Amino acid sequence: MKEVAQNKLFAIDNKERLGIIILGVTTMEKRTSAPTKANHLATFRNKVIQLIRQEQVTDRNSISSALDINVSTSKRIVDDLVEEKIVRLLGSAKSTGGRKATNIGINPDYGWNICIKVEVNSLIFALTDFLDQVVSEERVPFSKGASFDEVKPLIKKEILDLMVYANAKGKNIRGIGFAISGLASKDAKRLVVSRLLGW
């Protein structure tokens, strides 16, 4: 496994090419006893995570204002995320005359994501931290025109190898996702057809 210090392979269009970083985030919904309340909080929870990822550094009041939610909800969600170590406190923001706000940012050490891009004759695997920085990457070739059944064992083997590698580094895998050319289902969970690959 080749380790890299910076995001090189995916530097130009990481989000577009991988298209899967958020998958590792949106699965982290906290469950409560009331389904309606759980759905409501989960929706805001995911929006808070995405906003923090986008802004890199923010605070509870800014989150409340940007998402149009009350401060108590923002505080509750952020406190939960801090407790779960998904986000971290980064010290005090500049004072605007009142009490100093506490800056918040994503915790890059929360876990790693496995990113898989399927090309015409190769698979590109990357491990990224929670700030989208590539930790390691590898290209696995296969014959052009190969069927999915022929490629699937390569995917399964590499995913298992990456999970073992992450475990050896003391990291948890938080998400696995694919970037592939083709028509996806409405819920974006299934590939309907890929003319490029003949799948």
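Residues numbered from 1 in each chain as written. Predicted model: local features only at pLDDT ≥ 70, side-chain atom pairs only at ≥ 80, totals over all residues. Heavy atoms only, no water.

Focus on the packing of helix α4 (residues 60-67) against helix α5 (residues 71-83)
Heads up, the rule is: Between the N-to-C directions of two axes lies an angle of 0 to 180 degrees, each axis being a line fitted to C-alpha atoms and, for a helix, fitted only over the stretch in contact. Starting at the N terminus, helices and strands are each numbered in turn, a helix being any DSSP run of H or I of at least four residues and a strand any DSSP run of E of at least two. Should an angle fall under 35 degrees it is taken as roughly parallel, and over 145 as roughly antiparallel, whereas 65 to 115 is taken as roughly perpendicular and any remaining angle as oblique. By convention, the crossing between two helices is left-handed when the near helix turns anticlockwise from the far helix through less than a right angle, and right-handed when the turn is clockwise. By the convention used here, residues are in contact when the closest approach between their heavy atoms is within 4.5 Å. Charged residues are taken to be Asp, Glu, Lys and Arg, nonpolar residues to be Ala, Val, Leu, Ile, Met, Phe, Trp, Tyr, Cys and Pro, and polar residues to be all remaining types, Gly included.
Contact geometry for α4 and α5: axes closest at 9 Å, N-to-C directions at 120°. Between α4 and α5, the crossing angle belongs to the class labelled oblique. Helix-helix and strand crossings are classified by hand; for α4 and α5 the assignment is right-handed. Between α4, through Arg60, Asn61, Ile63 and Ser64, and α5, the contact on the second element is made entirely by Val71, Ser74, Lys75, Val78 and Asp79. Tallied by class, the residues present in the contact of α4 with α5 amount to three nonpolar, three polar and three charged.

Concerning the nonpolar core
For the record, the criterion: For this analysis, a nonpolar core means a set of buried residues of the types Ala, Val, Leu, Ile, Met, Phe, Trp, Tyr and Cys, connected via side-chain atoms within 4.5 Å. Only protein chains enter the accessibility calculation, which uses a 1.4 Å probe; a residue whose area is less than 20% of its type maximum is buried, one above 50% is exposed, and one in between is partly exposed.
Membership of the largest hydrophobic core comes to 18 residues, with the highest contact counts inside it found for Leu123 and Leu127. Secondary structure elements with two or more residues in this core: β4 (112-118), β5 (122-128), β6 (134-141) and α6 (148-168). At six residues, α6 tops the list of elements feeding residues into this core. Filtering out sequence-adjacent residues up to four positions away, Leu127 remains in contact with Trp112, Asn113, Ile114, Gln133, Val134, Val135, Ser136, Leu162, Tyr165 and Ile173. Ile52, Ile69, Ile106 and Phe130 belong to the second largest nonpolar core, which has 16 residues in total.

A look at the side chain of Asp129
In this fold, Asp129 is placed in the loop between β5 and β6. Excluding residues within four positions of it along the chain, Asp129 makes contact with Pro108, Gly111, Trp112, Asn113 and Val135.

A short note on the layout of surface pockets
Here is the rule: We place a 1 Å grid over just the protein atoms. Points where a 1.4 Å probe fits but has no way out form a cavity, open points with protein on both sides within 12 Å along at least 5 of 7 lines form a pocket, and any residue with an atom within 4 Å of a point lines it. Grid points are joined across faces, edges and corners, and a volume is the space filled by probe spheres set on the points.
Size it by volume and the second largest pocket reaches roughly 230 Å³. What lines the second largest pocket is a set of 13 residues, among which Arg53, Gln56, Ile106, Phe130 and Leu131 lie closest to the centre. Mapped onto the lining of the second largest pocket, the elements with two or more residues apiece are α3 (35-55), β2 (87-92) and β3 (102-106). Tallied by class, residues from the lining of the second largest pocket come to six nonpolar, three polar and four charged.

Digging into a nonpolar patch on the surface
Spelled out, the test is: By definition, no residue in a patch forms a salt bridge, and every one has over 30% relative accessible area; like charges are joined within 9 Å, nonpolar side chains (Val, Leu, Ile, Met, Phe, Trp, Tyr) within 5 Å. Exposure was quantified through the Shrake-Rupley algorithm and a 1.4 Å probe, taking into account, for residues, occlusion by the shown protein chains and nothing else. The salt bridge criterion pairs a side-chain nitrogen of Lys or Arg with a carboxyl oxygen of Asp or Glu, the two atoms within 4 Å.
Taken together, Leu160, Met163, Ile176, Phe178, Ile180 and Leu191 make up a surface patch of nonpolar side chains, about 480 Å² in accessible area. Looking at the nonpolar patch element by element, the count peaks at three residues for strand β7 (residues 173-180). With a relative accessible area of 54%, Leu160 lands in the exposed category.

Describing unusual backbone geometry
Phi angles above zero are rare outside glycine, and Asp68 is one such case at about 55°. As for its position among the elements, Asp68 is in the loop between α4 and α5. The backbone phi angle of Lys85 is positive, close to 65°, even though this residue is not glycine. Residue placement: Lys85 occurs in the loop between α5 and β2.

Examining α4
Filter applied, for reference: The arc under discussion is defined with respect to the helix axis, by the directions toward the C-beta atoms. Between N or O atoms, a polar contact is any pair within 3.5 Å; within protein, one atom must be a potential hydrogen donor and the other a potential acceptor, and residues adjacent in sequence are included only when both atoms are from side chains.
Buried within α4 we find Arg60, Ile63 and Ser64. The buried residues of α4 occupy an angular sector of 100° when the element is viewed end-on, so they sit on one face. The outward face of α4, more than 90 degrees from its buried face, is lined by the exposed residues Ser65 and Ala66. For α4, the N-terminal cap is Asp59; the gap from its side-chain oxygen to the backbone nitrogen of Asn61 is 3.0 Å. Of the residues trailing α4, Asp68 is marked for its positive phi of about 55°.

Quick look at α5
In plain terms, the rule: Under the convention used throughout, the expected extent of a helix is 1.5 Å for every residue step, that is, one less than its residue count.
The terminal C-alpha atoms of α5, which comprises 13 residues, lie 18 Å apart, in line with the 18 Å expected from a rise of 1.5 Å per residue. By the burial criterion, the buried members of α5 are Thr73, Ser74, Ile77, Val78 and Leu81. End-on view of α5: buried residues confined to an arc of 125°, all on one side of the axis. Residues Ser72 and Glu83 are exposed on α5 and point more than 90 degrees away from its buried face.

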